[in-house]
Amino acid sequence: MRIISSFLCPVLCVSLAAVAADEKPGVIPEKLAGLFAAQGKDGKPTITPEQRTYFDGLNDRLKALLIKTVEAEVITRPEHLGTILALGLRPQKMEILLQDNCILCHTDPEVQKPETLLTLSPAPGKTPSHLNLQDFVDDVHFLRGLSCAGCHGGDPGSDKLEHSFVKEWPSAGRDKDRGWILSFCARCHSDSTFMNRFNPALPTDQLAKYKDSPHGKFLLEARDARAPDCLSCHGVHGIRSAKNPLSKVYRKRVPETCGACHSDAKRMAGLTLSDGSPMPTNQLAEYRASVHGRALLERGDLGAPACNNCHGNHAAMPTGLSSVSQSCSLCHAGNASLFDGSKHKQAFEEHKWPQCAKCHGNHVIAKTHDSMLAAGQESLCNKCHQQYAKDNPECNATATYFYTSLAQMDQVWNEFGVTADRLAMKGLDVDPIHDKLNELADSLKQARSHIHSFSKNDFQRAADPGEKAVLGISRLVEEAKAEYRFRQLGLVTTIALMGLVMLALYVKLRRLER
Amino acid sequence: MSDSGHGQGWLGWLDRRYQITPLIEFLRHKEVPKGPHSMVWYYLGGMTMFFFLVQVVTGVLLLMYYQPGEATAYESIRYLTTKVPFGWLMRSVHCWSAHLMIISLVTHMFSTMMLKAYRPPRELTWVTGYILFALTLGFGFSGYLLPWNKLAFFATSVGTDLVKSVPLIGNWLLQVLRGGPDVTANTLYRFFALHVVILPLAFVSLIGVHLLFVQRQGMAPPLGAKVAPRGMRFFPSFALRDLLLWLVCFMVLLVLAVFVPYGPGIPGMDWELGQKADPLAPAFPGIKPEWYFLWEYQLLKEFPPHLFGLEGPQLCLLVVSLLLGIWAIIPWLDRQAQREQPSPGFSDFGWGAILFLTFLTLKAWDIGAMEPATSGSSLKVISRTCAWWTIGAGAVIIGIRWLLQSSRQSSPPSASR
Amino acid sequence: MPENTSNQKSTRRSFLDLVLGASSVACLGSILYPVIRYLKPLPRAGGVGPTRLTPEELAKLEKEHFVIVPVSGKRVLILQNAAQEILAVDAKCTHEGCTVQYLPGESVIWCACHNARFDLDGRVLSGPPPRPLPKYAAERQEDGGILIVAERRQSE
């Protein structure tokens, strides 16, 4: 007993001393405990269980930082603490936030007015759109420690309200003439020495490119307030990486970002294209209906192009560039190289026509179909050739030849597809037929692509395997039908023999019973 | 040298070694009871056995090419049905025979029930038959998974999920059945063992016992007589008629196998091979088990999630176990039949069971991909209408019978149905 | 006359027995014929096992360095790279389903539809495809034939 007590005593003393120590983790100081215990008007604690769980899960350093802000009376109200905890930030971000007095002050609902309060739940009509707190903590600059002070100036560690903010901004007229924003962002983003510290892969030529574009000339030369600057596309506070689906320049959102201005008739009023015609505002609508728009926006295919993939982003449509048709060849390489080797290339260059867009359109690129070659209403070939190539009657013949070959193969493909399904229903082996149908489909695709060579020989070389496949499929279908007839014959024979046996049995039975 | 008859020929040869004369005499005098009711019902047991024999033969043949395993089950069936000569026929016959066996088994069960063949001394014949019914459903369930296609995979997932609701051992049972918490290749191996070894052994033993009972006691005479007043000789009359019926069944089976190789295509009766199972893909809506399980599937849907303090599936399982338990011990419950008297109450219970199962099955066909029946599919409309007509007609019939019954209370009950 | 009728009866009976016997044998034959044909294994590689390339497919492989082969409902691209190794990937592009081809000069698998490029292991090098091409295991046999064994999972 004495041994036990003599052992226990020192242990007890040491633990008591440890408990008395100030920085013991697990012990919540009074002010913070008071905030946790505070109750709202409905009698329930303001700090929700999830927020409390988040706090409990923080590491020691972050807990200490939070306690320090509470002790320093930067956070004095439970709603304020709740907002900070509700963000559920990962440790790196929480560390930055807890040391940034700008955000800590501006999230306090008691001190700030709706026009200056950063909040997760904006009040409609009162809170400006750029004060969404979630945007702030998602911003790429915030993560790198370049939050409010980086653009607005000042010292985030200071708790004094200084007026050194926005010292680097123009003092007057900065909303009307926004050219200063470009050089403001560029002081970092055009400095490769600086940017290499953070992301060596990021380009630093955005401003140079922008200056060459109509956007740049509109802003910097015409000094028009409608012109876009960096913030128009990238946002002001929640600037996210272009790979982040919430970013305004994420591929799927690029059409709506560009369309915010370019579909607005009022905004575009009075503006013209380089040839003097008025600037259209239907591009977004046309794009949405096109194959590219539907692939990107409806099917979520990130391989489909958005506005910037053809027009460029910072150097959007440099003046002097008459056509972006060449950019089609980035994906449609096959068709482009066939076209380059064809008779049309020279003719199009002479007439200064855009290469692909002349037949396929630019924004409203619709799904192609074989009737574009035919002689009917939808024919593309006839319209041009009547006007420009009247001495080459073989052209029409070639177009018609293309059309009939394709239409035939297409029809066979459809018909035999249905036949194969019917045969499969009957229990026959249609794998070889499906394989040949795949070959036919491949050949159809190739043949349609080879139209761009505008040469009968070239087209024929691509269509030949298809025609062979057609013969192969017919043979296989006949074989399958013959197999089915064999099965029916076998069945009938067996049934007949069984019938005979049954008849004999029946007569035998009658005999035996007599 | 034995002193019995049949001294010549192969029968004599056997007799001298194994004394088969009593057996021959027994077979010679074996009779099938004849009474006021139709003799059609006596053929059903044999018909069921015929389909089972077809299953055994085609099953063994399929076993020559089938390979269980995640990478080989689907492919081997595909190979079997496309490349192997007459492989399509073997599979098609096997699938059709399964369904026909169950139809004939259920008809056999209900006919023996209605004719009170279960009354003493044939109680154990009923019980063994009941177990055979359960084993047959087990065959159907285990065999369904073996092609390892999408439909089978999801149907098995849904089907095995039910055993979770068994109290106390539910989770254990689930893991034992599935070979793990989810349906995987392990499930396939277990189901294969079940379908090809365990169930056949059990089934064959029980059929042996069932047939032994029938041979020892003879087939049940009509109600009101412990022994049949007259009978039809088994050899050759009944046997040849039986053989004729088997030939007809075989013909029907072959015609179906050739002309409808993948089943009629109605939900629950469609065994087109389709695509290989992908455990990672989400289940597609409208999965249904095979038609002979549809009643259970629908019944589960009828129960609310919680009732009387139990979870829906647990309560459903309890109710079904209760009903099945009653069904098993009917020979001991039916006092009137024990006294060779008609027991219309039990007949009505039987009719009620038929209507109940028919209604649930028809209603289950109505359910598609979680859409309401207003989506316009004509099959749904038909099945829904049929379900309600079944209930309606059943209610009318039972009502009229009760009225007639109560009006006949004064007169003594007739000796036969 | 009783003798005649009994004779007639026995001839009729034996005729009936003959018919019964003969038709039973014939019927049994027509039922056993499919079973016997079913039991004999096929000459080309068994069931689910590996798919063997036909001589025409082998010739095409030699000439053009790649061939597309049907394997239980799918299409597989077999190619022979510069180091004479045999590689196999699924022939269906993961973007829009066009059939890919092997470009021996550039040592790359190319899809003509939208200019997608895959390396010889099926990984996407450029272009719109969202996923790599599933791989297959193919081996050269001693007799010069090529066997496609199975679809390999990406983790292997």
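On a predicted model such as this, the values are computed, not experimentally measured, just so you know.

1. Quick notes on the sheet that holds strand S5 (residues 101-103) of chain C
All names here are of chain C.
Phase 1: Across the sheet, four strands lie side by side as S5-S6-S7-S8; this open sheet has antiparallel pairing. Two strands in the sheet have a free side with no partner beyond their single neighbour: S5 and strand S8 (124-126). Adjacent strand axes in the sheet meet at a mean angle of 40 degrees when their direction is disregarded.

2. Examining the domain arrangement of chain C
Phase 1: Each assigned domain of chain C is listed with its residue range as follows: domain 1 (1-40) and domain 2 (51-152).
Phase 2: Domain 1 of chain C and domain 2 of chain C are separated by 60 Å when their C-alpha centres are compared.

3. Observations concerning a positive patch on the surface
Residue and element names in this part refer to chain A.
Phase 1: The grouping of Arg-422, Lys-426, Lys-481 and Arg-485 at the surface amounts to a positive patch.
Phase 2: You can see Lys-426 is positioned in the loop between helix H25 (393-425) and helix H26 (431-449).
Phase 3: The exposure class assigned to Lys-426 is partly exposed, which follows from its relative accessible area of 31%.

4. Thoughts on the pattern of salt bridges
Phase 1: Tallied over the full model, the rule gives 36 salt bridges over all chains.
Phase 2: We note a salt bridge from Lys-508 of chain A to Asp-17 of chain C, for which the minimum N-O separation is 2.7 Å. Highlighted residues: Lys-508 of chain A in helix H27 (residues 456-513) and Asp-17 of chain C in helix H1 (residues 2-39), drawn from two different chains.
Phase 3: Residue class for Asp-17 of chain C comes out partly exposed when judged on its relative accessible area of 36%.
Phase 4: Each of Lys-93, Asp-135, Asp-138 and Arg-240 of chain A takes part in salt bridges that share partners, so that together they form one network.

5. Here we look at a nonpolar patch on the surface
All names here are of chain B.
Phase 1: Together, Leu-124, Val-319, Leu-323, Ile-326, Ile-329, Trp-332, Leu-333 and Phe-356 give the surface a local cluster of nonpolar side chains, amounting to about 640 Å² of exposed area.
Phase 2: At the level of elements, helix H12 (312-328) and helix H13 (330-333) are the ones that each hand at least two residues to the nonpolar patch.
Phase 3: Among the elements that take part in the nonpolar patch, H12 stands out by supplying three residues, more than any other.
Phase 4: Take Ile-329: it is sitting in the loop between H12 and H13.
Phase 5: Given a relative accessible area of 40%, Ile-329 falls into the partly exposed group.

6. Brief notes about unusual backbone geometry
All names here are of chain B.
Phase 1: In this chain, Pro-120 is followed by Pro-121 through a cis amide linkage whose omega measures 5 degrees.
Phase 2: As for its position among the elements, Pro-121 is in the loop between helix H5 (87-114) and helix H6 (123-145).
Phase 3: Residue Pro-236 is bonded to the preceding Phe-235 through a cis peptide linkage, with omega at 0 degrees.
Phase 4: Tracing the sequence through the fold places Pro-236 in helix H10 (residues 234-259).
Phase 5: One non-glycine residue with positive phi stands out, namely Phe-86, at about 65 degrees.

Calculation criteria
Chains are numbered independently. Their residues run from 1 in the order of the written sequence. In the order they appear in the text, chains get letters beginning with A and ligands get numbers beginning with 1. The model is predicted, so local features are restricted to residues of pLDDT at least 70 and side-chain atom pairs to those at 80 or more, both for listing and for counting; the totals for chains, interfaces and linings are taken over all residues. Side-chain metrics in this entry use all non-hydrogen atoms of the structure; hydrogen atoms and water are not considered. Pairing between two strands requires that DSSP report at least two bridges joining them. Strands are runs of DSSP state E lasting at least two residues, helices are runs of H or I lasting at least four, and both sets are numbered from the N terminus onward. Interaxial angles span 0 to 180 degrees and are taken between N-to-C directions of axes, which are lines fitted to C-alpha atoms, for helices over the stretch in contact. Boundary definitions for the domains trace back to an automatic or database domain assignment. A patch consists of residues exposed above 30% relative accessible area that lack any salt bridge, with like charges linked at up to 9 Å and nonpolar side chains (Val, Leu, Ile, Met, Phe, Trp, Tyr) linked at up to 5 Å. Note on areas: Shrake-Rupley with a 1.4 Å probe; residue coverage comes only from the protein chains shown. Salt-bridge detection follows one rule: a side-chain nitrogen of Lys or Arg within 4 Å of a carboxyl oxygen of Asp or Glu. Under this rule, positive means Lys or Arg and negative means Asp or Glu; His and the chain ends count for nothing. By convention, the charge on Lys lies at NZ, on Arg at CZ, on Asp at CG and on Glu at CD. Burial here depends on accessible area, computed with a 1.4 Å probe over protein chains only, as a share of the maximum for the residue type. Under 20% is buried, over 50% is exposed, and the range in between is partly exposed.

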